[in-house]
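Residues per chain, in single letters:
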Amino acid sequence: MRSDAANLLSRLGQGKFKYQEFRDNFADMELWPLFEALIRDPRISGTDEDSRSLFTDDPAQGRDTGTPTIPHAEPVRVAGLFGGYGAQASASPPATAPRRPQDDVRSLLKRLNDQVAAGEL
Amino acid sequence: MPLILCHSPKGGVGTSFIAAGLAQGLSQLGREVVLLDMTAQGGVKHYFGLSPDHPLPDLEDDVIDQVAVGGVSLRSGRRASAQEDFAEALRSGDLPFDGETFYIADVASGDFALARLLQRHARLHVCALLPAAMSLALLPQVSPGRRLDTLDRTVFVLNQLDETRRFARHAALFLRELLGDNLIAQIHRDEAVNEAVGMQQTLARYAPASLALADVRKLAGIVDVLTRQEPAVRDEIGSDGGPTGEGDNRGSSSRSSASSEAA
Ligand SMILES: Nc1ncnc2c1ncn2[C@@H]1O[C@H](COP(=O)(O)OP(=O)(O)OP(=O)(O)O)[C@@H](O)[C@H]1O
Ligand SMILES: [Mg+2]
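What counts, and where the lines are drawn
- Residues numbered from 1 in each chain as written.
- Chains lettered and ligands numbered in written order.
- Predicted model: local features only at pLDDT ≥ 70, side-chain atom pairs only at ≥ 80, totals over all residues.
- Heavy atoms only, no water.
- Core = buried A, V, L, I, M, F, W, Y, C linked by side-chain atoms within 4.5 Å.
- Buried < 20%, exposed > 50% of the residue type's maximum accessible area, 1.4 Å probe, protein only.
- Helix = DSSP H or I, 4+ residues; strand = E, 2+ residues; numbered from the N terminus.
- Contact = heavy atoms within 4.5 Å.
- Axes fitted to C-alpha atoms, helices over the stretch in contact; angles between N-to-C directions.
- Parallel < 35°, antiparallel > 145°, perpendicular 65-115°, else oblique.
- Left-handed = near helix turned anticlockwise from the far one by under 90°.
- Nonpolar A, V, L, I, M, F, W, Y, C, P; charged D, E, K, R; others polar.
- Pairing = 2+ DSSP bridges.
- pLDDT = per-residue confidence, 0-100.

**Student:** It is not clear to me how the nonpolar core should be interpreted in this structure. Could you clarify?
**Tutor:** Looking at soluble globular proteins, one finds that nonpolar side chains tend to be buried together. All names here are of chain B. Leu22, Ile104 and Leu219 are the most contacted members of the largest nonpolar core, which totals 44 residues. Tallying contributions element by element places helix α9 (residues 211-229) first for this core, with eight residues. Excluding anything up to four places from it in sequence, Leu22 contacts Ile4, Cys6, Ile104, Val126, Leu219, Ala220 and Val223.

Printed below as a string of structure tokens:
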């Protein structure tokens, strides 16, 4: 923020701009099929144990669960850490039980709806 | 060995800005910080007021020609990482990711191989996102097969937030739900970031009242806590405890305060 703007805001007693006028209708969120596609994407919902990154250069590497060079006492957490970028995506099941994608979308939209209704968003 | 990996599957989202801001913020907190520019572009130095022709010493060079700005030592890791034995050097501890010094690695978005390699040695992976559709669309590439709110050492920062834009507002809401506590901070879009580079000054010098500066300082505080609380991979070698959730607990207090910040 420029210092003149910051000075003005501080005289007005505001640390930053607040865009209170931008209250969104919950229904607007459904405008974006991308959001739903992301929630349903098995790589994100944790339902697809075989998925791996587009950038994995050696697909076989993704199945190599015995990587001796990465000693680690916590296999599940290792999978989380190294599962990124496809290194060990299929090494372990997700730490938490996968939610059903259908429920995911509904519960997410419901939570957002509740927050909008409560004036939090 | 607090190595902090800054990498996003999407380019142009502010990974270098965040790497620089983290380095500057951690330095301000009194930490010793080395910023490693691992990109071919070599752009991160511009957030330190340096000129395009200002060379950075390589990671492996002698420290005689130190480039340090505001306590942050800047190095290029390009040559080192191109060497065949780089992975081995990391593995054997040849590279000095130990002690109290924070090493912050700025890795180019397309360089997944290097990001993956460094991630194995990193205490924390910071992934920048934009509240823009293309940035969201690449999210499934971050950690395929794992829910993003359950990742242990990958955290997300929403950069260039602009609440005057409808999609940005919706994306911010959506990401808070999708990423949970792993969305540790949001940084507002602030033209001062661009202007400071144009002035060849740090953001702190050019616009001390900058909103983005305040946001990134907050982020540095959160990362400082997270990295001190979470054990290095090496520390865990030989312990046979299995997944105790210990690391999660240690991270949780700071993360929940961070998420209330984001909410
Ligand atoms: N919070 C912000 N507000 C305004 N502009 C920003 C902000 N963060 C980054 N920028 C601008 O966005 C552009 C991209 O930033 P930056 O180069 O740090 O991203 P990057 O992800 O490292 O890009 P690349 O993929 O090219 O390495 C730059 O012009 C930078 O000045
Ligand atoms: Mg960059």
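**Student:** For this particular structure, what's the right way to read the packing of helix α1 (residues 15-28) of chain B against α9(B)?
**Tutor:** When two helices pack together, their arrangement is given by the angle between their axes and by how far apart the axes lie. Residue and element names in this part refer to chain B. At a minimum axis separation of 8 Å, α1 and α9 run at an interaxial angle of 70 degrees. Taken together, α1 and α9 sit at an angle that is classed as roughly perpendicular. Crossing of α1 over α9 shows right-handed handedness. On the side of α1, the interface is formed by Phe17, Ile18, Gly21, Leu22, Gly25, Leu26 and Gln28, while α9 contributes Ala212, Val216, Arg217, Leu219, Ala220, Val223 and Asp224. Tallied by class, residues from the contact of α1 with α9 come to nine nonpolar, three polar and two charged.

**Student:** Quick question: what am I supposed to make of the sheet that holds strand β6 (residues 124-129) of chain B here?
**Tutor:** Strand pairing in a sheet takes place through backbone hydrogen bonds and is either antiparallel or parallel in direction. Residue and element names in this part refer to chain B. Here we have eight strands laid out as an open sheet, ordered β3-β4-β2-β5-β1-β6-β7-β8, and mixed in their pairing. Only two strands of the sheet have a single neighbouring strand rather than two, namely β3 (68-69) and β8 (183-188). As paired strands, strand β7 (residues 154-161) and β8 are joined by four bridges and run parallel to one another. Following the sheet pairing, Phe156 is matched in β8 by Leu183. Each of β1 (3-6), β2 (33-37), β4 (72-76), β5 (102-106), β6, β7 and β8 is contacted by α1, which is oriented at about 165 degrees to β5, the strand it contacts most. Of the strands in this sheet, β1, β5, β6 and β7 touch helix α4 (residues 112-119), which is tilted by about 155 degrees from β1.

**Student:** What's the story with the confidence of the model for chain A in this structure? I'm lost.
**Tutor:** Detailed conclusions should not be drawn from predicted coordinates in areas where pLDDT is low. Residues and elements named next belong to chain A. On average, residues of chain A carry a pLDDT of 56, and 26% of them reach 70 or more. No element of chain A has a lower mean pLDDT than helix α5 (residues 75-83), at 33, and none a higher one than helix α3 (residues 33-40), at 91. Of the regions scoring below 50 in pLDDT, residues 50-84 engages in 92 contacts with residues more than four places distant in sequence or in other chains. Per-residue pLDDT stays below 50 along residues 86-99; that stretch engages in 49 contacts with residues further than four places along the chain or on separate chains.

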